[in-house]
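Analysis of the macromolecular model
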Amino acid sequence: MSHTPTLMPHLAVSSLSDNNRLSLFCGSSNIALAQEVARYLGMDIGPMIRKRFADGELYIQIQESIRGCDVYLIQPCCNPVNDHFMELLIMVDACRRASARQITAVIPYYGYARADRKTAGRESITAKLVANLIVEAGAHRVLAMDLHSAQIQGYFDIPFDHIYSTPVLLDYFATKDLSDIVIVSPDVGGVARARAFAKKLDDAPLAIIDKRRQSHNVAEVMNVIGDVKGKTAVLVDDMIDTAGTITEGAKLLREEGARQVYACATHAVFSGPAVSRLSSGVLEEVIVTNTIPIPEENRFEQLTVLSVANLLGEAIWRIHEDTSVSSMFR
């Protein structure tokens, strides 16, 4: 099931006063989303040649003059992450060498974000490495959505605009007419995100799942902090990868007496057993956005996909017009 929300009042479409100086291009990772953003802005995606050499090397050439233009490159770094990230860097470099006035990397899904600090000896902080590479390639600004960790903004020495899918998710939940809602954070690390969501949802109560992670992509759920008995529980997270955390949390919530359990997340990574776990019946509905393209084989009956194209388009317009981006979320 797909759902495209109506444009919210504070996101009214405005004409681009300097449209001839704004150029929009996209990589290959999510062309459909880029096309929606272009439609919102009332413009076309710029022409670009993208091909591979026999050994897999990527070649990119911009097919129109962008000298003196403000260029926005839309490219979520989703699977295959390395290919899509390298494509982004090459696009940035091509635009820099084409004398673009300003280059903004629009990254709806920021890859490598989970390794954002050292938790053991001799490991890398890839979120910082990715930031360094984007800056060194020549980007002047980054626009990203729902980072795994807000501290990643501090890894950049260039302007960074961090936007949220919350308005789109709240707009959808407003159509559901749910009662006795409790917002649930699937782990302690997501409490701030869940609290902000709960505050926007009529200051709904908050619950937390105490989770002990044994290794990457393997989570052991322990107990629930908060009252969920007889309530409609909504699990809120930034991404769903293998869905182990979400489904184990949903099972625990049902054991604790939750009447219904919904899950919502911005990024539908959906790796490995995710689809079979999410479609097992433990969740009434799984609500995600289209920051990452979801192939047909990864879609299932309980899945709802919301579009964030209007949010991204509005953010791009506001950046281009030098107006407030943060006011979109007040």
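Anything mentioned here points back to the structure above.
Below you will find a few notes about this structure. From a predicted model like this one, the values you see are computed outputs, not experimental measurements. (Residues numbered from 1 in each chain as written. Predicted model: local features only at pLDDT ≥ 70, side-chain atom pairs only at ≥ 80, totals over all residues. Heavy atoms only, no water.)

**What to know about the pairing of strand β9 (residues 181-185)**
Burial analysis of β9 places five of its five residues in the buried class, which makes it a mostly covered element. Here β9 shows two buried faces, one formed by Ile-181, Ile-183 and Ser-185 and the other by Val-182 and Val-184. As paired strands, β9 and strand β12 (residues 232-240) are joined by four bridges and run parallel to one another. Along β12, the bridge assignment pairs Val-182 with Ala-233. (Buried < 20%, exposed > 50% of the residue type's maximum accessible area, 1.4 Å probe, protein only. Helix = DSSP H or I, 4+ residues; strand = E, 2+ residues; numbered from the N terminus. Pairing = 2+ DSSP bridges.)

**Remarks on the sheet that holds strand β2 (residues 22-26)**
Pairing between the strands of a sheet is mediated by backbone hydrogen bonds and can be parallel or antiparallel. Taken in spatial order, the five strands line up as β2-β5-β6-β7-β8 in an open sheet, and their pairing is parallel. Edge positions in the open sheet fall to β2 and β8 (160-163), since each of these has one partner strand only. On average, adjacent strands in this sheet sit at an angle of 15° to one another, irrespective of strand direction. In this structure, strand β7 (residues 141-145) lies alongside β8, joined through four bridges in parallel fashion. When the sheet's bridge partners are listed, Ala-144 is paired in β8 with His-162. (Axes fitted to C-alpha atoms, helices over the stretch in contact; angles between N-to-C directions.)

**A word on the pattern of salt bridges**
Summed over all chains, the structure comprises 14 salt bridges. Across the pair Asp-83 and Arg-52 runs a salt bridge, and its minimum N-O distance is 3.7 Å. Remark: Arg-52 occurs in strand β3 (residues 48-52) and Asp-83 occurs in helix α2 (residues 81-97); sequence separation between them is 31 residues. Judged by relative accessible area, Asp-83 falls into the partly exposed class, the value being 37%. Between Glu-284 and Arg-254 there is a salt bridge; the shortest N-O distance is 2.7 Å. A residue pair is termed long-range when its members are at least 10 positions apart, and Glu-284 in the loop between α7 (274-278) and β14 (285-289) and Arg-254 in helix α6 (residues 244-255) qualify at 30 residues. (Salt bridge = Lys/Arg side-chain N within 4 Å of Asp/Glu carboxyl O.)

**Structural notes on the side chain of Ser-185**
Positionally, Ser-185 belongs in strand β9. A residue is classified by how much of its surface remains accessible, and Ser-185, at 0% relative accessible area, is buried. Only 3.4 Å separates the side chain of Ser-185 from the backbone oxygen of Gly-190, close enough to count as a polar contact. Apart from residues no more than four positions distant in its own chain, Ser-185 is found in contact with Gly-190, Val-191, Ala-194, Ala-207, Ile-208, Ile-209 and Val-236. (Polar contact = N/O pair within 3.5 Å; in protein donor to acceptor, adjacent residues only side chain to side chain. Contact = heavy atoms within 4.5 Å.)

**Let's talk about the environment of Phe-197**
Tracing the chain through its elements places Phe-197 in helix α5 (residues 191-200). Residues Phe-197 and Met-239, spaced 42 residues apart in sequence, show a C-alpha to C-alpha distance of 15 Å.

**A look at the environment of Asp-161**
If you trace the backbone, Asp-161 turns up in strand β8. A polar atom in the side chain of Asp-161 sits 2.7 Å from the side chain of Arg-141.

**Focus on the nonpolar core**
Counting 46 residues, the largest nonpolar core has Leu-24, Val-37, Ile-183, Phe-197 and Ile-316 as the members making the most contacts within it. Ranked by residues supplied to this core, first place goes to helix α8 (residues 309-320) with seven residues. Sequence-distant contacts of Ile-183, that is, excluding residues within four places in its chain, are made with Ala-194, Phe-197, Ala-198, Leu-201, Ala-204, Pro-205, Leu-206, Ala-207, Val-234 and Val-236. In terms of nonpolar packing, the next biggest core, distinct from the first, is built from 37 residues, Phe-25, Ala-100, Ala-137 and Ala-144 among them. (Core = buried A, V, L, I, M, F, W, Y, C linked by side-chain atoms within 4.5 Å.)

**Let's talk about the packing of helix α1 (residues 31-41) against α8**
In the contact formed by α1 and α8, the axes pass within 8 Å of each other and the chain directions differ by 55°. Judged by the inter-axis angle, α1 sits oblique to α8. Between α1 and α8 lies a crossing whose hand is right-handed. Residues Leu-33, Glu-36, Val-37, Tyr-40 and Leu-41 of α1 lie in contact with α8, whose contacting residues are Ala-309, Asn-310, Leu-312, Gly-313, Glu-314, Ile-316 and Trp-317. Along the lines of polarity and charge, the residues of the contact of α1 with α8 split into eight nonpolar, two polar and two charged. (Parallel < 35°, antiparallel > 145°, perpendicular 65-115°, else oblique. Left-handed = near helix turned anticlockwise from the far one by under 90°. Nonpolar A, V, L, I, M, F, W, Y, C, P; charged D, E, K, R; others polar.)

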